[in-house]
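Each chain is listed here by its residues.
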Amino acid sequence: MSISKSRGSYIELYDNARVEVAKGPQSTLFGRGALIGALNVIQNKAGPDLDWSLAAEGGDLGYYQIDGMLNLPLSDTRVAARGRSSQKPRRLPEEP
């Protein structure tokens, strides 16, 4: 999926396996918006082990961000589920 222009600057880079960088014109592989190169973000896949992570940060004006991930095996064979959630609210400053 191509994410170009200003939407590309808001991608969340959390719980990823790797980021691939393709230099130079890549319009044949990634479309005409990839004239100066492309980034391919590969997300982690569900695995057979129970795994989780939680990250939190805070700032001024009521800003906080919470990121969480849960990898849950659903059977003894090859069935597993992986999900992530992110919450990032910010309160606007009150006018005097």
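Per chain, the residues get numbers from 1 upward, laid out in the order the sequence is written. This being a predicted model, a pLDDT of at least 70 is required before a residue's local features are given, and a value of 80 or more before pairs of side-chain atoms are given or counted; all residues contribute to the totals for chains, interfaces and linings. Processing note: side-chain calculations cover all non-hydrogen atoms of the structure and skip hydrogens and water entirely.

Student: Go over the overall build of the protein chain, please, and point to the residues and values.
Tutor: If you tally the helices and strands in the protein chain, you get one helix and five strands. In DSSP terms, a helix is any run of H or I states spanning at least four residues, a strand is any run of E spanning at least two, and both are numbered starting from the N terminus. Ordered by position in the sequence, the α and β elements of the protein chain form the string β-α-β-β-β-β. Any residue under 20% of the maximum accessible area for its type is buried, any over 50% is exposed, and the rest in between are partly exposed; the area is computed with a 1.4 Å probe on protein chains only. Looking at the 96 residues of the protein chain, the share that counts as buried comes to 16%. Any two residues whose heavy atoms approach within 4.5 Å at even a single point are treated as in contact. Once local pairs closer than 6 in sequence are excluded, the contacts in the protein chain between residues at least 24 apart make up 38%. Accessibility throughout is a Shrake-Rupley quantity obtained with a 1.4 Å probe, and a residue counts as covered only by protein chains that appear here. Total accessible area on the protein chain stands at roughly 8,200 Å², and carbon and sulfur atoms take up 55% of it.

Student: Would you mind going over the pattern of salt bridges in detail, with residue names and values included?
Tutor: Salt bridges are defined as contacts in which a side-chain nitrogen from Lys or Arg sits within 4 Å of a carboxyl oxygen from Asp or Glu. Under the definition given, this model contains one salt bridge. In this structure, Glu 20 engages Arg 18 in a salt bridge whose closest nitrogen and oxygen atoms are separated by 3.0 Å. According to the relative accessible area criterion, Glu 20 is partly exposed, its value standing at 32%.

Student: Run through the confidence of the model for the protein chain, naming residues and quoting values.
Tutor: Detailed reading of the predicted coordinates is not advisable wherever pLDDT falls low. Of the residues in the protein chain, 68% have a pLDDT of 70 or more, and the chain-wide mean is 76. Highest mean pLDDT in the protein chain belongs to strand 3 (residues 51–58) (88); lowest belongs to helix 1 (residues 27–30) (64). Looking at any residue, its pLDDT shows the predictor's confidence there, from 0 to 100.

Student: Tell me about the sheet that holds strand 5 (residues 80–87), and name the residues and values.
Tutor: Pairing between strands is defined by DSSP: at least two bridges between the two strands are required. What the three strands build is an open sheet, ordered 3-4-5; its pairing is antiparallel. Of all strands in the sheet, those bounded by a partner on one side alone are strand 3 and strand 5. With strand direction ignored, the average angle separating the axes of adjacent strands in the sheet is 5 degrees. By the bridge criterion, eight bridges tie strand 4 (residues 64–73) to strand 5 in an arrangement that is antiparallel. Following the sheet pairing, Pro 73 is matched in strand 5 by Ala 80. Interaxial angles span 0 to 180 degrees and are taken between N-to-C directions of axes, which are lines fitted to C-alpha atoms, for helices over the stretch in contact.

Student: Which residues make up the environment of Pro 25, and what values go with them?
Tutor: Here Pro 25 is to be found in the loop between strand 1 (16–23) and helix 1. Among the residues examined, Pro 25 registers a relative accessible area of 65% and is labelled exposed. Between the alpha carbons of Pro 25 and Ala 38 there is a distance of 8.3 Å; along the sequence they are 13 residues apart.

Student: A description of the side chain of Gln 65 should follow, citing residues and the corresponding values.
Tutor: In this fold, Gln 65 is placed in strand 4. Pairs of N or O atoms within 3.5 Å make up the polar contacts considered here, provided that, within protein, one atom can donate a hydrogen while the other can accept it, and that residues adjacent in sequence are counted only when both atoms are side-chain atoms. Within the structure, the side chain of Gln 65 is placed 3.0 Å from the side chain of Asp 67, a separation counted as a polar contact.

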